Amino acid sequence: MSRPSLTERISLTKKAREEKQRARRRRVVSKRDGMRYEVDGESLLCFCSNDYLGLAQHFTVSSAFQDAAARLGTGSGASHLVCGHFSEHDALEREVAEWLGYPSALLFSSGYQANLAVAQAFLGEGDVSIQDRLNHASLIDAARLAGASLRRYPHVDAEGALRQLRGNPEGAAMVVTDGVFSMEGDVAPVRALALIARVQHATFVVDDAHGVGILGTDGRGTVAAAGLGLNEVPLQVVTLGKALGGEGALVLGDQAHIEHLKQNARPYIYTTASAPASAAASRVALQLARRESWRRERVFANLARLRQGLLGAGFELPGSDSAIQSIPCGSDEIALAMSAALEAQGIWVSAIRPPTVPENSARLRVTLSALHSDADIDSLIAALRWSRDAVGTGYRAE
Ligand SMILES: *Cc1c(COP(=O)(O)O)cnc(C)c1O
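The rules we used
Residues numbered from 1 in each chain as written. Predicted model: local features only at pLDDT ≥ 70, side-chain atom pairs only at ≥ 80, totals over all residues. Heavy atoms only, no water. Pairing = 2+ DSSP bridges. Helix = DSSP H or I, 4+ residues; strand = E, 2+ residues; numbered from the N terminus. Axes fitted to C-alpha atoms, helices over the stretch in contact; angles between N-to-C directions. Core = buried A, V, L, I, M, F, W, Y, C linked by side-chain atoms within 4.5 Å. Buried < 20%, exposed > 50% of the residue type's maximum accessible area, 1.4 Å probe, protein only. Domains from an automatic or database assignment. Contact = heavy atoms within 4.5 Å. Parallel < 35°, antiparallel > 145°, perpendicular 65-115°, else oblique. Left-handed = near helix turned anticlockwise from the far one by under 90°. Nonpolar A, V, L, I, M, F, W, Y, C, P; charged D, E, K, R; others polar. Near = heavy atom within 4 Å. Polar contact = N/O pair within 3.5 Å; in protein donor to acceptor, adjacent residues only side chain to side chain. Salt bridge = Lys/Arg side-chain N within 4 Å of Asp/Glu carboxyl O. Buried area = accessible area lost by both parts, 1.4 Å probe.

### Some words on the sheet that holds strand 14 (residues 362-367)
Piece 1. In space, the 3 strands of this open sheet follow the order 11-14-13, with antiparallel pairing throughout. Both edges of this open sheet fall to strand 11 (324-330) and strand 13 (350-352), since each of them pairs with a single strand only. Here the strands of the sheet are splayed against their neighbours by 35° on average, with no regard to which way each runs.
Piece 2. Relative to strand 14, strand 11 is paired through 6 bridges, and the arrangement is antiparallel.

Given below as structure tokens:
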């Protein structure tokens, strides 16, 4: 009998990774003051955090976290269905459901888990998950976990989704899309997809991790901004780890769908509930996100300033309707060299490479926050111009 050796597998994978210069490295943050980060001893201005509204370190939000931790402890002690479901979790579910106009919501410890849960609880073998080619990895993994077949359509191509639905007439179907695409910053054609899903008797699911808090009235996200709701989008996933500055995610739907998830979703049932303090913090963050529209306005003013500066300097930029601006680099080498050159000037922008994005589409992914000032944006523009010239004249990452 000859089993494959894991040691050999590890070294083959490592070799392939190193040949392609795809090894990734974690950076250690030891201090943070808004978008000013202390990273491995250096002070960097951060343009890669998803804390778009600047709520992660907000005084009122962190006070709520501290108070709840003092009252209820640092951990929930059990899963939601045993004894880990606290009043803070329950209130957060009701408040988010009310905000987005859905009858019911279920809280998860992360968006990744929420997406796994939706697919696993509703789909199985013989069913089909129809997805945008650039959907988040958790949605792809979810279809696999469910045992459903995964069919992808070209990016933001609603006609493509329709073709996939027509070509797969058997079994239950879900049409699944990011609301705002995490690496592109563009918005899904949710109205067209909703219509197509309805005509084809498929369930439409929107994962609005990057839209909620940012788009639409009160920051209610991509679905609300398109004038849609429960009727057109029976299941919506929103996360708390981005614009809301916390952690966790909610799935929104009608009572029956949410109850089905609660009873059947293994990624819900077999995991410890998030800390009630975390839910308490998110409740306060939600109030601020709703009320303080200047935060959203500031993000979009920053986006406009950045785009104007870069387009004026001859950068080619894809459109963005969100807090995410991608700057195409083409090769992995250029993306890495640009990122290193920016860091040398005190600016932190991460290079995003395959397999996170398709081959030959390495880029810098810039994220904007309400905490960035005009001067911060101007520094970023100047540093990008300098880096482009430096990389062009042979600057390379070490
Ligand atoms: C970040 C993200 C997730 C995962 O959410 P976490 O709470 O970080 O696990 C899911 N979907 C999309 C589109 C995301 O950007």
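### Focus on the nonpolar core
Piece 1. Counting residues in hydrophobic clusters, the biggest one holds 55 residues, and the most contacted among them are V96, V175, F204 and L252.
Piece 2. By residue number, the principal contributor to this core is helix 11 (residues 276-291), which donates 6 residues.
Piece 3. Taken together, domain 1 (21-50 + 293-392) and domain 2 (59-291) each give at least three residues to this core, which thus spans both.
Piece 4. Sequence-distant contacts of F204, defined by excluding residues within four places in its chain, comprise V175, T177, V190, L193, A194, A197, E232, V233, P234 and L235.

### Regarding the packing of helix 6 (residues 158-167) against helix 7 (residues 190-199)
Piece 1. Packing of helix 6 against helix 7 brings their axes to within 9 Å, and their N-to-C directions diverge by 15°. By the criterion of interaxial angle, the relationship of helix 6 to helix 7 is roughly parallel. Like other packed secondary-structure pairs, helix 6 and helix 7 cross with a definite hand, here right-handed. Seen from helix 6, the contacting residues are A158, E159, A161, L162 and L165; seen from helix 7, they are A192, L193 and I196.
Piece 2. Taken together, the residues that form the contact of helix 6 with helix 7 break down as 7 nonpolar, no polar and 1 charged.

### Let's talk about the site of the ligand
Piece 1. Among the 13 residues in the neighbourhood of the ligand, the closest are listed as G111, Y112, D207, H210 and K242.
Piece 2. Between an oxygen atom of the ligand and a side-chain N or O atom of H210, the distance comes to 2.6 Å.
Piece 3. No other element matches helix 4 (residues 111-122), which puts 3 residues into the shell around the ligand.
Piece 4. Grouping the amino acids of the shell around the ligand by side-chain chemistry returns 2 nonpolar, 8 polar and 3 charged.

### Quick word on the pattern of salt bridges
Piece 1. For the structure on display, the rule yields 22 salt bridges.
Piece 2. Here R27 and E343 are joined by a salt bridge, their closest N and O atoms 2.9 Å apart. Placement of R27 in the loop between helix 1 (6-19) and strand 1 (29-33) and of E343 in helix 13 (residues 332-344) is noted, with a sequence separation of 316 residues between them. Comparing R27 with E343 shows no difference in burial state: the two are buried.

### A look at the domain arrangement of the protein
Piece 1. Taken domain by domain, the protein consists of domain 1 (21-50 + 293-392) and domain 2 (59-291).
Piece 2. For domain 1 versus domain 2, the distance between C-alpha centres works out to 27 Å.
Piece 3. In this complex, domain 1 contributes 16 residues to the contact, which on the side of domain 2 involves 21 residues.
Piece 4. Carbon and sulfur atoms supply 54% of the area that domain 1 and domain 2 bury against each other, a total of about 1,400 Å² over both sides.
Piece 5. Counting the surface domain 1 buries against domain 2, the share from its top three residues, N50, R296 and I324, is 38%.
Piece 6. Connecting domain 1 to domain 2 are 1 salt bridge.
Piece 7. For E184, the salt bridge goes to R363, with nearest N and O atoms at 2.8 Å.
Piece 8. At the boundary of domain 1 with domain 2, the tally comes to 8 residue pairs in polar contact (both at pLDDT 80 or more).
Piece 9. Looking at the side of domain 1 that touches domain 2, its residues break down into 5 nonpolar, 7 polar and 4 charged.

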